[in-house]
Amino acid sequence: MPNQLGTLDDGRIPLDNSRDSGTGAEASRASLAQTKAKDIVCGRLINPRDSHTAMYAGHSYYFCSEECQVMFETDPVRFQGR
């Protein structure tokens, strides 16, 4: 279930199942959404398996770089609601 940030508790972006994913490009986008997480510092979509991670308030957050991770860890409240 999405949290206030619009992401799942583990940082992944939820797949919109409200419509048929169809075939071709739509199906590819649906598959991509299931394997990507959003870096809440810069907004980039990343693969959680290849990312930097941090825990805050019992949730895992994923980052594209050490720089984004450090920015988050310095002031995590600043990035809540993104």
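As the structure is a computational prediction, the values presented were derived from the model and not from experiment.

Q: Got a minute to help me understand the environment of His 52 in this structure?
A: Take His 52: it is sitting in strand S3 (residues 52-56). If sequence neighbours within four positions are ignored, His 52 has contacts with Tyr 61, Tyr 62, Phe 63, Cys 64, Ser 65, Glu 66 and Gln 69.

Q: Would you mind showing me how to read the environment of Phe 79 here?
A: Take Phe 79: it is sitting in the segment after helix H2 (66-74). The class for Phe 79 is buried, based on a relative accessible area of 1%. Residues Phe 79 and Val 41, 38 residues apart in the sequence, show an inter-C-alpha distance of 6.6 Å.

Q: I keep staring at the state of the cysteines and nothing clicks. Help me out?
A: Each disulfide is one covalent bond, formed between the sulfur atoms of two cysteines. Scanning the entire structure with this criterion turns up zero disulfides. Cysteine Cys 42 is unpaired, with the sulfur of Cys 64 as its nearest cysteine sulfur at 3.7 Å. Residue Cys 42 is classed as partly exposed on the basis of its relative accessible area, which comes to 42%. The thiol of Cys 68 is unpaired, and the distance to the nearest cysteine sulfur, on Cys 64, comes to 3.8 Å. With a relative accessible area of 7%, Cys 68 lands in the buried category.

Q: Please clarify how unusual backbone geometry should be interpreted in this entry.
A: Most peptide bonds are trans, and most residues other than glycine sit at a negative phi. Positive phi, normally seen in glycine, also occurs at Ala 57, with a value near 50 degrees. Residue position: Ala 57 is located in the loop between S3 and strand S4 (59-63).

What counts and what doesn't
Residues numbered from 1 in each chain as written. Predicted model: local features only at pLDDT ≥ 70, side-chain atom pairs only at ≥ 80, totals over all residues. Heavy atoms only, no water. Helix = DSSP H or I, 4+ residues; strand = E, 2+ residues; numbered from the N terminus. Contact = heavy atoms within 4.5 Å. Buried < 20%, exposed > 50% of the residue type's maximum accessible area, 1.4 Å probe, protein only. Disulfide = S-S within 2.5 Å.

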